[in-house]
Amino acid sequence: MPMVDIKQSPQTPPAGAAADWTIPQDWSGYTPAEHAMWDTLFERQSRLLPGRVSATFLNGLDVLRMSKSGIPDFEELSERLTRLTGWKVLAVPGLVPDEDFFRHLANRTFIAGRFIRTPEQIDYLQEPDIFHDVFGHVPLLANPVFADYMQAYGEGGLRSLKFGAMHRLARLYWYTVEFGLIREAGELKLYGAGIVSSFSESKFALDDPSPNRIALDVKRVMRTRYKIDDYQQTYFVIDSYEDLLKQTLETDFAPLYAELESSQDLETDVLLPTDTVLNRGTQAYAASRKGAAA
Ligand code: PHE
Ligand code: FE
């Protein structure tokens, strides 16, 4: 799930959904074509990702036995995941209200769409489908440190609502859980679900000279806007999952929210003198897109 209202989500669960918005996955209801779509996507990413993605992600795929053919059955997947980190995966019909999303994370439940994209949507769709949600997000939940980060994030999200600061935490989610990069053994690797589930961004985020790549700083991220419909202009890089957890868990965000009220938002391509810049982007890709839109 992305932490963003792509469409305004309804405030009460639709018919057939539980009070917490979950629905049965109805695994036996998937068609052969839907399972085949999963296999196609899975194979394409598995060919591309080794060497580019965080070792922790590959390990998660392995210990969760995700290379098994066909759309994963959430019951079976949850059984393995619960044994490893206490997390489980449940299906939802679509986007859910922020508070429910946060509450699920705080309870170590990852909610995922049950539908899969059609062949026409293979390279782009706006709403997160089961491939994004499960292939993208679930492997890292098999890692105890990342699993703790996601739970802490859910608790922090619920807390942010009291400060009217949901958008700040949404940015943190965006630039870590969805579009994060990590330095492993001195090399940049992918870990964000939005990247690893995307064939083209898996290449762009790592190789293209266009985007900035800068070290993660929580306060800085919470000031930074993001684009939901194109490649990122800036990626934030963590040193380790331990460091990400420490930076977020040991910082009380309440004073940061207060302080940020008097500071301006940063555009998606801005670099600050205080940034630790790993790659200064050319922004050539973004410029070419602007030209196309004008
Ligand atoms: N420490 C944050 C707070 O005080 C909570 C949080 C933890 C947020 C982990 C995100 C990730 O609100
Ligand atoms: Fe997501």
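Placed above this text is the structure.
Residues numbered from 1 in each chain as written. Chains lettered and ligands numbered in written order. Predicted model: local features only at pLDDT ≥ 70, side-chain atom pairs only at ≥ 80, totals over all residues. Heavy atoms only, no water.

Undergrad: Quick question: what am I supposed to make of the packing of helix 7 (residues 166–178) against helix 12 (residues 253–260) here?
TA: In helix packing, the relevant descriptors are the interaxial angle and the interaxial distance, both defined with respect to the helix axes. Where helix 7 contacts helix 12, the axes come no closer than 10 Å and their chain directions differ by 110°. When the axes of helix 7 and helix 12 are compared, the pair comes out roughly perpendicular. Facing helix 7, whose interface residues are Arg 168, Leu 169 and Leu 172, helix 12 presents Phe 253, Tyr 257 and Leu 260. For the contact of helix 7 with helix 12, the class distribution of residues is 5 nonpolar, no polar and 1 charged. (Axes fitted to C-alpha atoms, helices over the stretch in contact; angles between N-to-C directions. Helix = DSSP H or I, 4+ residues; strand = E, 2+ residues; numbered from the N terminus. Parallel < 35°, antiparallel > 145°, perpendicular 65-115°, else oblique. Contact = heavy atoms within 4.5 Å. Nonpolar A, V, L, I, M, F, W, Y, C, P; charged D, E, K, R; others polar.)

Undergrad: How should I be thinking about helix 6 (residues 144–162) in this particular structure?
TA: Each full turn of the α-helix corresponds to 3.6 residues, which orients residues three or four apart in the same direction. Between its first and last C-alpha atoms helix 6 spans 28 Å; for 19 residues at 1.5 Å apiece the expected length is 27 Å, and the two agree. Two or three places before Val 145, at the opening of helix 6, Asn 143 has a side-chain oxygen 3.0 Å from that residue's backbone nitrogen. Directly beyond the C-terminal end of helix 6, a positive phi value near 60° is found at Gly 164. (Expected span 1.5 Å × (residues − 1). Polar contact = N/O pair within 3.5 Å; in protein donor to acceptor, adjacent residues only side chain to side chain.)

Undergrad: Sorry, what's going on with the sheet that holds strand 6 (residues 234–238) here?
TA: Whether parallel or antiparallel, the strands of a sheet pair through hydrogen bonds between backbone atoms. If you walk across this open sheet you meet the 5 strands as 4-3-6-5-7, and the pairing is mixed. Two strands bound the open sheet, and with one partner strand each, they are strand 4 (187–190) and strand 7 (277–279). The mean inter-strand angle of the sheet, taken between neighbouring strand axes irrespective of direction, is 35°. Bridge count for strand 3 (residues 181–184) against strand 6 is 2 bridges, and the pairing is parallel. Bridge pairing in strand 6 links Leu 181 to Val 237. Contacts between helix 9 (residues 199–207) and the sheet are confined to strand 3, strand 4, strand 5 (212–215) and strand 6, with strand 4 contributing the most and set at about 155° to the helix. (Pairing = 2+ DSSP bridges.)

Undergrad: How do you make sense of helix 11 (residues 241–249) when you look at a structure like this?
TA: Of all the residues in helix 11, the buried ones are Tyr 241, Leu 244, Leu 245 and Thr 248. The buried residues of helix 11 occupy an angular sector of 95° when projected down its axis, which confines them to one face. (Buried < 20%, exposed > 50% of the residue type's maximum accessible area, 1.4 Å probe, protein only. Arc of directions from axis to C-beta.)

Undergrad: Would you take a moment to explain the site of ligand 1 for this structure?
TA: Within the structure, ligand 1 sits among Tyr 149, Ala 152, Tyr 153, Gly 156, Arg 159, Leu 172, Thr 248, Leu 249, Thr 251, Asp 252 and Phe 253. A distance of 2.5 Å separates an oxygen atom of ligand 1 from a polar atom in the side chain of Arg 159. Between an oxygen atom of ligand 1 and a main-chain N or O atom of Phe 253, the distance comes to 3.0 Å. Alone, ligand 1 offers 330 Å² of accessible surface; in the complex the protein occludes 93% of this. Only helix 6 and helix 11 provide two or more residues apiece to the shell around ligand 1. Examining the composition of the shell around ligand 1, we find that 5 residues originate from one element, helix 6, more than from any other. A class-by-class count of the residues in the shell around ligand 1 yields 6 nonpolar, 3 polar and 2 charged. (Near = heavy atom within 4 Å. Areas by Shrake-Rupley, 256 points an atom, 1.4 Å probe, with all protein chains shown as cover.)

Undergrad: I'm lost on the pattern of salt bridges in this one. Help?
TA: A side chain of one charge can pair with a side chain of the opposite charge when the charged atoms of the two come close. Within this structure, the stated rule accounts for 20 salt bridges. A salt bridge links Arg 44 to Asp 123; its shortest N-O distance comes to 2.9 Å. Taken as a pair, Arg 44 in helix 1 (residues 32–48) and Asp 123 in the loop between strand 2 (109–113) and helix 5 (130–141) lie far apart in primary sequence, 79 residues in all. Using a relative accessible area of 17% as the deciding quantity, one classes Arg 44 as buried. When its relative accessible area of 53% is taken as the criterion, Asp 123 is described as exposed. The salt bridge involving Arg 52 is made with Asp 207; its shortest N-O contact spans 2.6 Å. Here Arg 52, found in the loop between helix 1 and helix 2 (55–63), pairs with Asp 207, found in helix 9; they are 155 residues apart in sequence, far enough to count as distant. Judged by its relative accessible area of 16%, Arg 52 is buried. It is possible to trace a salt-bridge network through shared partners that takes in Lys 68, Glu 76 and Arg 80. (Salt bridge = Lys/Arg side-chain N within 4 Å of Asp/Glu carboxyl O.)

What is shown is where atoms sit, not what they do.
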